[in-house]
2 protein chains.
Amino acid sequence: MSRLSGFPEYLPAERAVEQSVLDHLRSTFELHGFASVETRAVEPMDVLLRKGEIDKEVYLLRRLHAEETDDHAGLGLHFDLTVPFARYVVENAGELDFPFRRYQVQKVWRGERPQQGRFREFTQADIDIVGRDTLPAHFDVEIAQVMAEALGGLPIPGAVLQVSNRKILEGFYLGLGVADPTAVMQVVDKLDKLPGERITALLVEQGLGAAQAEACLALAAICTPDTSFVAQVQALGVDHPMLAEGLDELAGLVAAVRTPPNVTVQADLRIARGLDYYTGTVFETRLVGHEHLGSVCSGGRYEQLARDNRSTYPGVGISLGVSRLLTPLFAGGLTASRSVPSVVLVALADEEDRAAATDTAARLRARGIATEVAPSAAKFGKQIRHAERRGIPFVWFGSADGDQVKDIRSGEQVTADADTWSPDHRDLRPQVISKETPQ
Amino acid sequence: MSRLSGFPEYLPAERAVEQSVLDHLRSTFELHGFASVETRAVEPMDVLLRKGEIDKEVYLLRRLHAEETDDHAGLGLHFDLTVPFARYVVENAGELDFPFRRYQVQKVWRGERPQQGRFREFTQADIDIVGRDTLPAHFDVEIAQVMAEALGGLPIPGAVLQVSNRKILEGFYLGLGVADPTAVMQVVDKLDKLPGERITALLVEQGLGAAQAEACLALAAICTPDTSFVAQVQALGVDHPMLAEGLDELAGLVAAVRTPPNVTVQADLRIARGLDYYTGTVFETRLVGHEHLGSVCSGGRYEQLARDNRSTYPGVGISLGVSRLLTPLFAGGLTASRSVPSVVLVALADEEDRAAATDTAARLRARGIATEVAPSAAKFGKQIRHAERRGIPFVWFGSADGDQVKDIRSGEQVTADADTWSPDHRDLRPQVISKETPQ
């Protein structure tokens, strides 16, 4: 029996960490009024391939005993949550209220060759706001604000939310007199992988003059934690209405987003997201100490996320790669304080006492305290070890003279009543801890 | 753009109902110490087909541009959660503590022709307890108890948990002198679909005498809400050690399970789950008023859920068909009180006030009150209608003279402070309601 490469599975303690991450994301998104949506795992291939570029990565389905006229032909597993959401919006436009804000946390599949931090099956958490015909720029601010708060509550060393705006890049290139600004953007987007001289050479190959190419690189080098990027861009001496509009939008965003302590926002004009069809704001996110992973959370504004016969649906959104984020954290020793939800194990001196122990457990559960009864009667030392192996903090001993509960971490044992005793609130759920940290 | 038959998708209000159902299931399972596990969506075909019988239903995967030596060949989507869990237990046996109790809530896929209540993609919620080498019978009681509590908290008219035990059936048939008890069980299992005379005829075809066939039908007719089934079985005058063991186990279970008000437990000796490899307790569940759906929640005991070179892993579990349960409820008008999580909409008289409104919203969210700010400045009547369409109960009006909040259901408007005001706790989350019921 061998594991399948690219299809990670978690042990219960790791899954408990993932659950606490997903709970935090859901809570943050819902506090901001985002409604949950799930779409089916499959889409017709023509929907999946509409965006282009990623056809090699799709998993097709067929039934084991497919017939000639199989109505399952042409279905594939979704590779992201944006394409299915755009289809969902159009299909349900008559039933949705716009602007519509939704979050979507689901698995996606890509038939790629796996490599570090890349999976064939992984969980994404997306938020998008979609309007009918129009969607004001303040929604871009809101998406950045919500994701900054979401990142702020995660068990990560820190995150840098890098923001740029396609209008700045495209307007600047147009102001420079470049003929094909999209082609330039896709070249400049390779700055992560290629040295500056190589980028310059590629731009010159595209017909840019040396001064133009240099100006493009100078723009991409601008990165500020505040709105001072505006003056730096203006100092490059290029003028275009689209550039001015982009600078306004990005400055508005950087000025408005309020970040939690471990998250910073940067205007970083190297960020272009070259191959995606964004039309304004673009986002990427680096995890502090894990910059080699690339962006763990990306997105931006589409002037046309979807359209039907009557309307276009502009959208702005961002997608967090939950599996991608968790993998280095697990490798670094992140785990849960216990592998089970149980706060209490009710010990059993004799199998005859099972009914009484079950009753004690029911009384604790009725007040929200997760409880299990010992699997079999045994010496108390054995039962304490049973709890220890799972990280269950308390063992309960029933007795005709009054019950007792023992905190097996401290050894402290006190008289207790199952109708009134409560653990410290931090013990109610497994805590996210680092293996290096003593509990 | 047409919907895909068999792949249901929910509108936001229906999804809110599904979320509240899944939240209740998770909470119940965790209170009983069940740990969450998720397995990958795909399994090698040899794992999927090990159980036999269902090969026609499996979706196979292939990559769009598959190569000759494709390492994705032979992968299929899982069609249940038991087969992947058995594989997970063996693969991780060294890391798990036994008895291991887990819950698993995931989508599964079956390439069947869709029909009412049957889907190609649907959500199941499974609980299982698995031991190493042994697993005492009290765990069967626990599985029934946990699922009865889970069903008790769902927005359903009622449920009947029907319990039987294979040892009773097999022991009874052996005591009758039947040569192939499994074949008899599979015939009797068709009582749901075929009339009694037809079953008798089929049994006689198998070589049973008329009296034997009649005894088999008499056994299958026994159904009691308490342990009185034991005397009824004994009155049939058949004797076998396996029968006695099964009667003990089932009587113990029926006597021990404590049910919530809308759930009843029945010993129903017609329940056999003929094609599955259960070896003791078996479960089915009928939804009151929706009996035509068949069983919405089924399971039982496997003496050998899985095995490796060193051990066998006996298990007992039950699987709730969440999608199957929700479909008739949605058709009957079940919905949520609102389509968004938001409790409060902060109104906006002027776009200039957005920063102040955003601040008000942040103060409400900091105390767990889901809040959104109006998408654009507009007359208050329009903003109230915006809230009404979504079912948001409160609209907040900022003012230099002191803020006010209006309950748009009652029309009541009061002075309020965003740092102290709280809604009724029932308004904090969308409520599950019936469309027929006035809110």
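Conventions and cut-offs
- Residues numbered from 1 in each chain as written.
- Chains lettered and ligands numbered in written order.
- Predicted model: local features only at pLDDT ≥ 70, side-chain atom pairs only at ≥ 80, totals over all residues.
- Heavy atoms only, no water.
- UniProt positions renumbered as here; feature names shortened; annotations may be inferred.
- Axes fitted to C-alpha atoms, helices over the stretch in contact; angles between N-to-C directions.
- Helix = DSSP H or I, 4+ residues; strand = E, 2+ residues; numbered from the N terminus.
- Parallel < 35°, antiparallel > 145°, perpendicular 65-115°, else oblique.
- Left-handed = near helix turned anticlockwise from the far one by under 90°.
- Contact = heavy atoms within 4.5 Å.
- Nonpolar A, V, L, I, M, F, W, Y, C, P; charged D, E, K, R; others polar.
- Buried < 20%, exposed > 50% of the residue type's maximum accessible area, 1.4 Å probe, protein only.
- Pairing = 2+ DSSP bridges.
- Least-squares fit on C-alpha atoms with pLDDT ≥ 70 in both.
- Salt bridge = Lys/Arg side-chain N within 4 Å of Asp/Glu carboxyl O.
- Buried area = accessible area lost by both parts, 1.4 Å probe.
- Polar contact = N/O pair within 3.5 Å; in protein donor to acceptor, adjacent residues only side chain to side chain.
- Domains from an automatic or database assignment.

- The name that an unreviewed UniProt entry assigns to chain A is Histidine--tRNA ligase, with the source organism given as Aeromicrobium marinum DSM 15272.
- According to its UniProt record, chain A has this under Subunit (unreviewed entry): "Homodimer."
- Recorded in UniProt under Sequence similarities (unreviewed entry), the annotation for chain A is "Belongs to the class-II aminoacyl-tRNA synthetase family."

1. A few points about the packing of helix H1 (residues 12-31) of chain A against helix H4 (residues 138-152) of chain A
What describes two packed helices is the angle between their axes and the distance between those same axes.
All names here are of chain A.
Okay, so step 1: Packing of H1 against H4 leaves a shortest axis separation of 9 Å and a crossing angle of 150°. By the angle between their axes, H1 is roughly antiparallel relative to H4. Crossing of H1 over H4 shows right-handed handedness. On H4, the residues that touch His24, Leu25, Thr28 and Phe29 of H1 are Val146, Met147, Glu149 and Ala150.
Okay, so step 2: When the residues that make up the contact of H1 with H4 are grouped by side-chain class, the tally is 5 nonpolar, 2 polar and 1 charged.

2. Topic: the pairing of strand S12 (residues 312-321) of chain B
All names here are of chain B.
Okay, so step 1: Of all 10 residues making up S12, 9 are buried, and the element is well covered by its neighbours.
Okay, so step 2: In this structure, strand S6 (residues 121-130) lies alongside S12, joined through 7 bridges in antiparallel fashion. Residue pairing for S12: valine 130 is matched across the bridge by glycine 315.
Okay, so step 3: Both strand S11 (residues 297-307) and S12 contribute to a ladder of 8 bridges, which runs antiparallel. Residue pairing across strands places cysteine 297 opposite leucine 320, the latter belonging to S12.

3. Considering the relation of the copies chain B and chain A
Okay, so step 1: The two copies are related by a screw operation: chain B maps onto chain A through 180° of rotation and 0.0 Å of translation along the axis, at an RMSD of 0.0 Å. Taken together, these values place the two copies in the relation of a two-fold axis. Considering only C-alpha atoms, the part of chain B nearest the rotation axis is leucine 61 of chain B, at 2.4 Å.
Okay, so step 2: A shared binding surface is used by both copies, with 100% of the interface residues of chain B retained as interface residues in chain A.

4. Quick word on the pattern of salt bridges
Okay, so step 1: Tallied over the full model, the rule gives 61 salt bridges over all chains.
Okay, so step 2: A salt bridge links arginine 258 of chain A to aspartate 359 of chain B, with the shortest nitrogen-to-oxygen separation between them at 3.7 Å. Linking arginine 258 of chain A in the loop between helix H10 (241-256) and strand S9 (263-268) with aspartate 359 of chain B in helix H12 (residues 354-366), this pair reaches from one chain into another.
Okay, so step 3: Since its relative accessible area comes to 42%, arginine 258 of chain A is described here as partly exposed.
Okay, so step 4: Exposure remark for aspartate 359 of chain B: the relative accessible area of 30% places this residue in the partly exposed category.
Okay, so step 5: Ionic pairing is found between arginine 286 of chain B and aspartate 192 of chain B, a salt bridge with its closest N-O pair at 3.0 Å. With arginine 286 of chain B in strand S10 (residues 281-287) and aspartate 192 of chain B in the loop between helix H6 (181-188) and helix H7 (196-205), this pair connects stretches of sequence that are 94 residues apart.
Okay, so step 6: Taking relative accessible area as the criterion, aspartate 192 of chain B reaches 47% and is therefore assigned partly exposed.

5. A word on the interface of chain B and chain A
Okay, so step 1: Taken together, the 88 residues of chain B in the interface contact 88 residues of chain A.
Okay, so step 2: When the two sides are added together, the surface that chain B and chain A hide from each other amounts to roughly 7,800 Å², 51% of it contributed by carbon and sulfur.
Okay, so step 3: In this assembly, chain B and chain A are joined by 17 salt bridges.
Okay, so step 4: Here glutamate 9 of chain B and arginine 87 of chain A are joined by a salt bridge, their closest N and O atoms 2.8 Å apart.
Okay, so step 5: Put simply, chain B and chain A have 43 residue pairs in polar contact (both at pLDDT 80 or more) between them.
Okay, so step 6: The leading source of residues in the side of chain B that touches chain A is helix H1 (residues 12-31) of chain B, at 7 residues.
Okay, so step 7: Classifying every residue of the side of chain B that touches chain A gives 38 nonpolar, 17 polar and 33 charged.

6. Re the domain arrangement of chain A
Residue and element names in this part refer to chain A.
Okay, so step 1: Domains assigned within chain A are domain 1 (12-41 + 78-335) and domain 2 (341-434).
Okay, so step 2: In this structure, domain 1 and domain 2 have C-alpha centres spaced 47 Å apart.
Okay, so step 3: Taken together, the contacts link 7 residues of domain 1 with 5 residues of domain 2.
Okay, so step 4: In total, about 420 Å² of surface goes out of reach between domain 1 and domain 2, with carbon and sulfur atoms giving 64% of it.
Okay, so step 5: The tally of links between domain 1 and domain 2 comes to 0 salt bridges.
Okay, so step 6: Run the count over domain 1 and domain 2 and you get 1 residue pair in polar contact (both at pLDDT 80 or more).
Okay, so step 7: Listing elements by their share of the side of domain 1 that touches domain 2, those giving two or more residues are H1 and strand S13 (334-336).
Okay, so step 8: Counting residues per element, the side of domain 1 that touches domain 2 draws most heavily on H1, which supplies 3 residues.
Okay, so step 9: Grouping the constituent residues of the side of domain 1 that touches domain 2 by class yields 4 nonpolar, 3 polar and no charged.

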